[in-house]
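# Coordinates in review
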Protein chains: 2
Amino acid sequence: MKKIGKQTFRIKDDVYIRDVFTIGGKKEGEGPIGKEFDMIVDDDLWGEDSWEKCELKFQKEAAQHLMNKNNLNTDDIDILISGDLLNQITSSSFAARDLMLPHIGVYGACSTMALTMGLGALIIDGGFASDIICVTSSHFCSAERQYRLPLEMGGQRHMSAQWTVTGSAAVWLSNSGSGPRIKNVTFGKIQDLGVKDVNNMGAAMAPAAYDSLKQHLDDTGTEYDLIVTGDLGTVGKSIVNKMFNEDKNSIESKYDDCGTIIYDIEKQDVHAGGSGCGCSASVFGAFLYKKLQNKEINKLLFTSTGALHSPTAMLQGESIPGIAHCVGIEM
Amino acid sequence: MKKIGKQTFRIKDDVYIRDVFTIGGKKEGEGPIGKEFDMIVDDDLWGEDSWEKCELKFQKEAAQHLMNKNNLNTDDIDILISGDLLNQITSSSFAARDLMLPHIGVYGACSTMALTMGLGALIIDGGFASDIICVTSSHFCSAERQYRLPLEMGGQRHMSAQWTVTGSAAVWLSNSGSGPRIKNVTFGKIQDLGVKDVNNMGAAMAPAAYDSLKQHLDDTGTEYDLIVTGDLGTVGKSIVNKMFNEDKNSIESKYDDCGTIIYDIEKQDVHAGGSGCGCSASVFGAFLYKKLQNKEINKLLFTSTGALHSPTAMLQGESIPGIAHCVGIEM
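Remember, it's a predicted structure, so these values are computed and weren't measured experimentally.

Across its full length, chain A holds 10 helices and 15 strands. In terms of C-alpha radius of gyration, chain A reaches 18 Å, essentially the compact-globule figure of 20 Å for 331 residues. Oriented by its inertia axes, the alpha-carbon framework of chain A measures out at about 50 × 50 × 35 Å. Counting the 331 residues in chain A, one finds 61% classified as buried. A separation threshold of at least 6 residues defines the contact pool for chain A, and within that pool the share at least 24 residues apart is 79%.

Of the residues making up helix α5 (residues 140-147) of chain B, those classed as buried are Phe140, Ser142, Ala143 and Tyr147 of chain B. In this structure, the buried residues of α5 of chain B make contact with α2 (51-69), β7 (131-138), β8 (163-164) and α10 (311-315) of chain B.

So, about the pairing of strand β14 (residues 299-307) of chain A. Residue and element names in this part refer to chain A. Burial runs high along β14: eight of the nine residues are buried. The pairing of β14 with strand β15 (residues 322-330) spans nine bridges and is antiparallel. Looking across to β15, one finds that Leu300 is bridged to Ile329.

Time to look at the packing of helix α2 (residues 51-69) of chain A against helix α5 (residues 140-147) of chain A. Residue and element names in this part refer to chain A. Where α2 meets α5, the axes come as close as 8 Å, and the angle between the chain directions of the two elements is 130°. As far as their axial angle goes, α5 and α2 are oblique. The handedness of the crossing between α2 and α5 comes out as left-handed. On α5, the residues that touch Trp51, Glu52 and Glu55 of α2 are Cys141, Ser142 and Arg145. When grouped by side-chain class, the residues that make up the contact of α2 with α5 number two nonpolar, one polar and three charged.

Let's shift gears to the relation of the copies chain A and chain B. Laying chain A over chain B is done by rotating through 180° and shifting 0.0 Å along the axis; what remains is an RMSD of 0.0 Å. Classification of the inter-copy transformation places it as that of a two-fold axis. A symmetric contact is evident, with 100% of the interface residues of chain A recurring at the interface of chain B.

All right, on to unusual backbone geometry then. What you tend to see is this: most non-glycine residues have negative phi, and most peptide bonds are trans. Cis geometry marks the peptide bond from Gly230 of chain A to Asp231 of chain A, where omega comes out at 15°. With respect to the secondary-structure elements, Asp231 of chain A resides in the loop between β11 (226-230) and α7 (233-246). Phi is positive for Met100 of chain B, which is not a glycine, with a value near 55°. Along the chain, the position of Met100 of chain B falls in the loop between α3 (90-99) and β6 (103-105). For Met100 of chain B, a count of 13 C-beta atoms within 10 Å puts it in the partly exposed group. Positive phi outside glycine occurs at Asp269 of chain B, with the angle close to 55°.

Let us look at α2 of chain B. Residue and element names in this part refer to chain B. With 19 residues, α2 should cover 27 Å at 1.5 Å per step; its first-to-last C-alpha distance of 26 Å lies within 8% of that length. Burial within α2 is extensive, with 14 of its 19 residues counted as buried. Just downstream of α2, Asn71 is the residue with a positive phi angle, here 50°.

On to the environment of Leu292 of chain A, then. Take Leu292 of chain A: it is sitting in helix α9 (residues 277-293). Taking C-alpha positions, Leu292 of chain A is 26 Å from Asp78 of chain A, a pair spaced 214 residues apart along the chain.

So, about the environment of Ile320 of chain B. Residues and elements named next belong to chain B. Note that Ile320 resides in the loop between α10 and β15 (322-330). By C-beta crowding, Ile320 is classed as buried, having 24 other C-beta atoms within 10 Å. Placed 228 residues apart in sequence, Ile320 and Ser92 show a C-alpha to C-alpha distance of 23 Å.

Time to look at the pairing of strand β5 (residues 79-84) of chain B. Residues and elements named next belong to chain B. Most of β5 sits inside the fold, with six of its six residues counted as buried. Here β5 shows a buried face lined by Ile79, Ile81 and Gly83 and a second buried face lined by Leu80, Ser82 and Asp84. Pairing geometry for β5 and β7, over six bridges, is parallel. Across the sheet, Ile79 pairs through a bridge with Ile132, a residue of β7. Taken together, the three bridges between β5 and β6 define a ladder with parallel strand orientation. Each bridged residue has a counterpart across the sheet, and for Leu80 the counterpart in β6 is His103. After leaving β5, the chain enters α3 and then returns to the sheet as β6, a path that is right-handed.

Glancing now at the domain arrangement of chain A. Residue and element names in this part refer to chain A. Along its sequence, chain A is carved into domain 1 (14-174) and domain 2 (181-330). Its C-alpha centre places domain 1 at a distance of 18 Å from the equivalent point of domain 2. Of the residues lining the interface, 50 residues belong to domain 1; the matching set on domain 2 comes to 52 residues. Of all the elements in the fold, those that place two or more residues in the side of domain 1 that touches domain 2 are β3 (16-25), α1 (26-29), β5 (79-84), α4 (112-125), β7 (131-138), α5, β8 (163-164) and β9 (167-174). Ranked by residues supplied to the side of domain 1 that touches domain 2, first place goes to α4 with eight residues. Of the residues that constitute the side of domain 1 that touches domain 2, the class distribution is 25 nonpolar, 18 polar and seven charged.

Attention shifts here to the interface of chain A and chain B. On the side of chain B, 50 residues touch chain A, which itself brings 50 residues to the contact. Taken together, the elements giving at least two residues each to the side of chain A that touches chain B come down to α2, α3 (90-99), β6 (103-105), α4 and α10 (311-315) of chain A.

Attention shifts here to the environment of Ile123 of chain B. Inspection of the secondary structure assignment puts Ile123 of chain B in helix α4 (residues 112-125). With 26 C-beta atoms counted inside 10 Å, the residue Ile123 of chain B sits in the buried group. Distance in space between the C-alpha atoms of Ile123 of chain B and Val15 of chain B is 9.8 Å, their sequence separation being 108 residues. Ignoring any residue separated from it by four or fewer positions in sequence, one finds Ile123 of chain B in contact with Leu122 of chain A together with Ile79, Phe128, Ala129 and Ile132 of chain B.

Conventions we followed
- Residues numbered from 1 in each chain as written.
- Chains lettered and ligands numbered in written order.
- Predicted model: local features only at pLDDT ≥ 70, side-chain atom pairs only at ≥ 80, totals over all residues.
- Helix = DSSP H or I, 4+ residues; strand = E, 2+ residues; numbered from the N terminus.
- Rg over C-alpha atoms; globule rule 2.2 N^0.38 Å.
- Buried ≥ 20, exposed ≤ 12 C-beta atoms within 10 Å, placed from the backbone.
- Contact = placed C-beta atoms within 7 Å.
- Pairing = 2+ DSSP bridges.
- Axes fitted to C-alpha atoms, helices over the stretch in contact; angles between N-to-C directions.
- Parallel < 35°, antiparallel > 145°, perpendicular 65-115°, else oblique.
- Left-handed = near helix turned anticlockwise from the far one by under 90°.
- Nonpolar A, V, L, I, M, F, W, Y, C, P; charged D, E, K, R; others polar.
- Least-squares fit on C-alpha atoms with pLDDT ≥ 70 in both.
- Expected span 1.5 Å × (residues − 1).
- Right-handed = clockwise from strand over helix to strand, strands pointing away.
- Domains from an automatic or database assignment.

Below is the structure:
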């Protein structure tokens, strides 16, 4: 068995993250890692007639550019694994339709990028596929429309609220080549401490992030150079730090969060930071992946976190469960 | 590589479908296979205060009964893979929260049961897990509320419309034991011939069913005793038959559809038949699984079909893409 500890799967053979392609929106392009994106799209409709159609274009173009850049045809890719925040994961389904690849659709809210990469690594290491593309996306406007209030209303945002990233990243996993390798994968258990504040997703997700991180570190015993969650924002990040500190096992010196990396929290008026499936995806693709390639870090624990928030469940008095999936990557 | 043909994965080691547990609603209990369900719940709220909470109870109880029946603790199960029709797959998330198992959430509309079983088989055969539980659910009332019109309106249903099954099935996959084994898995490509009629999901899904079935049969060359799609209903089933006949490769004599198996089409006022993630799930668990166990059939091709219908995308003029995933099972 390739299971280690209680909940972690060891990837025995080499599963390389061979390449990535990232697309960001205008605000993401103006952020601290803006220059690292492969492409920035200033128009929040990208020539489409709805934000939803724009979002699916982000996903499709990210995957297509990744394939073109590496001379990959559809026959070279065994599976496309993708997901997003929209109901019926429409960005993913429509993009997958146009990409004409065998498709596995997943839903894990903002935890999706690590979920797709973890699943892809298992499938390649299991000997079933040689090449898999993982894609996720989010779009500020389509997410606000679905989860919160009409943008046209111009509502005041809460200070603990996060800003949904307009962006997408496509990741090419392969059993050949070179580059950073996925070594360990932990699929999270859903944690729910009863948070019902839809303007504080960071607090809703933090217990899940802590649970999965702790389990992954216990299971593997790996000393990571950098541990990154995504996307807890400033509020969730401080809770995770507090939980580890209370555990007398601080990770603070080597810990950061995608939601706080992607924007300049002070200057970009994003309140608690970034969120959305596109957040950890684009921070991984545009920033963390390059740190691995440049050998600035050798061991990265990439942990996407999702608030499984449902507007319908909220109206029925339910809380917001959280989940976090960990992918341990080594150069 | 365990890939055969263009798109199919061969499960090399034994992955047994060790047991199943099915729960159906009142209408499902009155249908032709009603007596085969493990449990029938007559109350469409099951004591809860919303249909959505009732649906998550279906999923949770199905998994819990399956575990209790087999003396399985949470530590015995490596992963729970689940999905449903509701936005943010809330039935699955909340059930997974209460079951306290590591969770992979998937979305494939009504194709979800085969998707979860296919993924589970790959993960076990890949050597990562010994025991996995796959669950899906649907509920007539929660689906109507989300996808169509308020039930209170009492709208007239179209003759090509299908009736969403109120039901759930939990399936236990294991690398040990006995019983039917999963042998081949084909994840489908999304097909979209431009159907925009939300009252004719069968027509929207049929091209995807045909595409995946044809690919699976080409890739494996297996002579199946029974080929079952789920849930195309009468309209989609006749289209699939027509497509194979035009191909001069009729499957008609050994082909059936879960949407036409679960209800008495003439007497139960369901128009084109059953649908929903719970349809192929409960027909598999309550009916097909037993046919395999009793050796009435030895080789079953189980193909769940999903209409990736989005009310938002429809309002924006988009069509309804379809997907179908195949799981080849042998006794």
